[in-house]
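Architecture and fold: a report
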Amino acid sequence: MVRRLDMVLSSIGKKELMALSGLGFIGFLVAHLAGNFTILSGAEALDGYAAKLEALGPLVWVAEAGMVTMALVHVLVGITLVVRNLQARGQRYAMKKSEGGRTIGSRTMWLTGPWILVFVGIHLAQFTFPHKLTEEAPALSKLVAEQLSDPIWAGYYVVTMLILALHVSHGFWSAFQTLGAAPSRSGYLRDTAVLLAFVFGAGFSLLAFMVFNVPDLLK
Amino acid sequence: MELTLRVWRQAGPNAPGKFEDYQAKDVSPDMSFLEMLDFVNEDLIRQGKEPITFEHDCREGICGCCGTMVNGKAHGGFEGTTLCQVHMRHFKNGDTIIVEPWRSRVFPVLKDLMVDRSPFDKILHAGGYVSVNVGGAPDANAIPISPNAQDTAMDAAQCIGCGACVAACPNGSAMLFVSAKVSHLDVLPQGKVETVRRTRAMIAKMDELGFGNCTNHAECEMACPKKISISHIARANRSFWRALFSHES
Ligand code: FES
């Protein structure tokens, strides 16, 4: 048992935790994006979808508890990995060029991660907590229309979705490599990661853009 | 040709270091990089100065001694080439070349360009061997080994332990080295028996020594003079899962 715990807390064990929680979030994002497409069918469809989800009752609780656990694991383990990696280098190089393996996604994980974390906080405060805290919060479609009609907020959402895409473009492939499934540095998992990043980036942004540009969409 | 060398000079492990510039005159394009350093050193000795310390042994790309960071890339960044095999024809007259030792907290600088890579040996001592009795040398083909396994083991066994992977890794991780050692023993019947013990011991030692964590940048694969693929890292990660769930004590 002690050995197992030691292994889970080893460098590879921590990375496996990052990989599993990260893939969990990818699964969530797929469901979230699919659900968001109800926006295109108007306010009723969106609010109806939200009501159906809420009606799941205890299942929602389980899902939420799972998400909070994944978030804690992903964030806390991520921080310990970054700190340890900074220590491992010691003195920096006076000159260091890329050897050609790094991508813009892999380079920026330590920046895109915290950005997304802050965004999630704001996002929950804007759309999730109002309904959790009070009975008479305005309908979800109202909240969405209100936030996204503001060019600054709409811009923030779109930028964040591009940053999310960057995170996924490395994270998805990297998770499989860590789990032991990736066959090589290039290959189909790499391509799938880029494709998935594009789908998330374009999908979520498109919806934000539509709400911003078509004022009647959520009326 | 004439070159300017900007070389890291450091008198000892605890001494402060700094870059110093040297003019390398009459460098022939046929010289290897190390020969060019020898040439500069002869000049320094003639002037009564301390020559630049750099590690070297085989000078044919098999011992792993000679790695340094040249112009920001491990071994100078030439595909599948150790620094001793790099020739000066790759440089132009008038170039400034920056030569810096591997930077890793785990590989302290001993002198100038020479670092202490013995932590790699410690990882091997922890588990990079076969300790079961495998008997005398068997007849050829008595133990069938698939060509796939042969290739994997051979590719992994190419590792010369030069440290370029750690040096090039933005996280100072030793995963390429460790995974190559795990792979080349794990895929062969004689080594397979001890995979659980080996994997546990080598990972624990690697962590204890203070190497960083792999985040799959793949810089190591690109820097490796033996072109060892990060697919070995994925394989070592699979060995990790096996070791995690194994009942072996
Ligand atoms: S001196 Fe042996 S590999 Fe370069």
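Criteria and cut-off values
Throughout, a residue's number is its position along its own chain's written sequence, starting from 1. For this description, chains carry letters from A and ligands carry numbers from 1, given in the order in which they are written. Note on the predicted model: pLDDT of at least 70 is required for a residue's local features to be given, and 80 or more for side-chain atom pairs to be given and counted; whole-chain, interface and lining totals, by contrast, use all residues. Each side-chain value is derived from all of the structure's non-hydrogen atoms; neither hydrogens nor water enter the calculation. Every case where a carboxyl oxygen of Asp or Glu lies within 4 Å of a side-chain nitrogen of Lys or Arg is listed as a salt bridge. Secondary structure follows DSSP: runs of H or I at least 4 residues long count as helices, runs of E at least 2 residues long count as strands, and numbering of each begins at the N terminus. The cut-offs for exposure are 20% and 50% of the maximum accessible area for each residue type, with area from a 1.4 Å probe on protein chains only; residues under the lower value are buried, those over the upper are exposed, and the others partly exposed. Two strands pair if DSSP finds at least two bridges between them. In plain words, nonpolar cores are sets of buried Ala, Val, Leu, Ile, Met, Phe, Trp, Tyr and Cys residues tied together by side-chain atoms within 4.5 Å. Boundaries between domains were set according to an automatic or database domain assignment. Note on contacts: a residue pair is in contact if any heavy atoms of the two residues lie within 4.5 Å. Each Phe, Tyr or Trp ring (for Trp, its six-membered ring) is paired with any other whose centre lies within 6.5 Å, and the angle between the two planes then decides the class: stacked below 30 degrees, edge-to-face above 60, tilted in between. Whether a charge sits over a ring depends on NZ of Lys or CZ of Arg being within 6 Å of the ring centre and within 35 degrees of the ring normal. The quantity reported as buried area is the accessible area (1.4 Å probe) lost by two parts once they are put together, taken as the sum for both. Here a polar contact means two N or O atoms within 3.5 Å. Within protein one must be a hydrogen donor candidate and the other an acceptor candidate, and residues neighboring in sequence count only if both atoms are side-chain atoms. Each residue is assigned to one of three groups, with Ala, Val, Leu, Ile, Met, Phe, Trp, Tyr, Cys and Pro labelled nonpolar, Asp, Glu, Lys and Arg labelled charged, and all others, Gly among them, labelled polar. Note on geometry: axes are C-alpha line fits, over the in-contact stretch for helices, and angles between N-to-C directions span 0 to 180 degrees. When an angle is under 35 degrees it counts as roughly parallel; over 145 it counts as roughly antiparallel; between 65 and 115 it counts as roughly perpendicular; any other value is oblique.

1. A short note on the pattern of salt bridges
Residue and element names in this part refer to chain B. Counted according to the given criterion, the structure contains 15 salt bridges over all chains. R198 serves as the salt-bridge partner of D186, at 2.7 Å between the closest nitrogen and oxygen. Of this pair, D186 sits in helix α5 (residues 175-186) while R198 is found in helix α7 (residues 195-209), placing the two residues twelve residues apart along the sequence. What makes D186 buried here is its relative accessible area of 7%. Here K205 ties to E208 by a salt bridge, and the two come within 3.3 Å at their closest N and O atoms. Residue K205 and its partner E208 are both found in helix α7; the two are separated by three residues, about one turn of the helix. Shared partners join several salt bridges into a network, and the residues in it are E42, D43 and R46.

2. Structural notes on the pairing of strand β5 (residues 96-100) of chain B
Residues and elements named next belong to chain B. For β5, a buried count of four out of five residues is recorded, marking the element as mostly surrounded by other parts of the structure. Where strand β3 (residues 69-70) lies against β5, two bridges are found, and the strand directions are antiparallel. Residue pairing for β5: V70 is matched across the bridge by V99.

3. Regarding the nonpolar core
If you look at the biggest cluster of nonpolar residues, it comprises 78 residues, and the most contacted ones within it are F200 of chain A together with W102 and F211 of chain B. Built from parts of two domains, this core gets at least three residues from each of domain 1 (3-111) and domain 2 (118-244) of chain B. Among residues more than four places away in sequence, those in contact with F211 of chain B are R84 and A88 of chain A together with V106, F107, P119, F120, I123, V166, G172, A174 and M206 of chain B. Among the nonpolar cores identified, the runner-up in size contains 26 residues, and V7, A24, M36 and V70 of chain B belong to it.

4. Structural notes on the packing of aromatic side chains
For any pair of aromatic rings, the description consists of the separation of the ring centres together with the inter-plane angle of the planes. Within this structure, the stated rule accounts for 17 aromatic pairs over all chains. Note on W241 of chain B and F245 of chain B: the rings are 6.0 Å apart at their centroids and 15° apart in plane angle, and the pair reads as stacked. Of this pair, W241 of chain B and F245 of chain B are both found in helix α9 (residues 231-245), four residues apart, which corresponds to roughly one turn of the helix. Look at W241 of chain B and you get partly exposed, because its relative accessible area is 22%. Site record: aromatic cluster; members linked through ring pairs are W115, F119, F127, W153, Y156 and Y157 of chain A. Stacked on the ring of W173 of chain A, the Lys or Arg R190 of chain A has its end atom at 4.0 Å from the ring centre.

5. Thoughts on the interface of chain B and chain A
Counting from both sides, the interface comprises 55 residues of chain B and, opposite them, 43 residues of chain A. For the pair chain B and chain A, the summed buried surface comes to about 4,300 Å²; carbon and sulfur atoms form 52% of the total. One can count 38 residue pairs in polar contact (both at pLDDT 80 or more) joining chain B with chain A. The set of elements that each furnish at least two residues to the side of chain B that touches chain A consists of β4 (73-74), β5, α4 (164-168), α7, α8 (219-223) and α9 of chain B. Here the element with the most residues in the side of chain B that touches chain A is α9 of chain B; it accounts for ten residues. Class assignment of the residues belonging to the side of chain B that touches chain A gives a composition of 29 nonpolar, 16 polar and ten charged.

6. Overview of the side chain of S183 of chain B
Residues and elements named next belong to chain B. In this fold, S183 is placed in helix α5. Judged by its relative accessible area of 0%, S183 is buried. Setting aside residues up to four positions removed in sequence, S183 forms contacts with A156, H232 and R235.

7. Points about the domain arrangement of chain B
Residue and element names in this part refer to chain B. As far as domains go, chain B holds domain 1 (3-111) and domain 2 (118-244). Each of domain 1 and domain 2 has a C-alpha centre, and the two are 29 Å apart. Across the boundary between the two partners, domain 1 contributes 15 residues, which contact 18 residues of domain 2. For the pair domain 1 and domain 2, the two sides together bury roughly 1,300 Å², of which 66% comes from carbon and sulfur. For the domain 1 face of the interface with domain 2, the top three residues by lost area are W102, V106 and F107, together amounting to 38%. In this assembly, domain 1 and domain 2 are joined by one salt bridge. Residue E79 pairs with K227 through a salt bridge whose shortest N-O separation is 2.9 Å. Taken together, the links from domain 1 to domain 2 amount to three residue pairs in polar contact (both at pLDDT 80 or more).

8. A few points about the packing of helix α7 (residues 140-149) of chain A against helix α8 (residues 151-179) of chain A
Residue and element names in this part refer to chain A. Interhelical geometry of α7 versus α8 gives an angle of 95° and a closest axis separation of 5 Å. With respect to α8, the axis of α7 lies roughly perpendicular. Residues Q147, L148 and S149 of α7 touch α8, and the partners they reach there are P151, W153, A154 and Y157. Taken together, the residues of the contact of α7 with α8 sort by class into five nonpolar, two polar and no charged.

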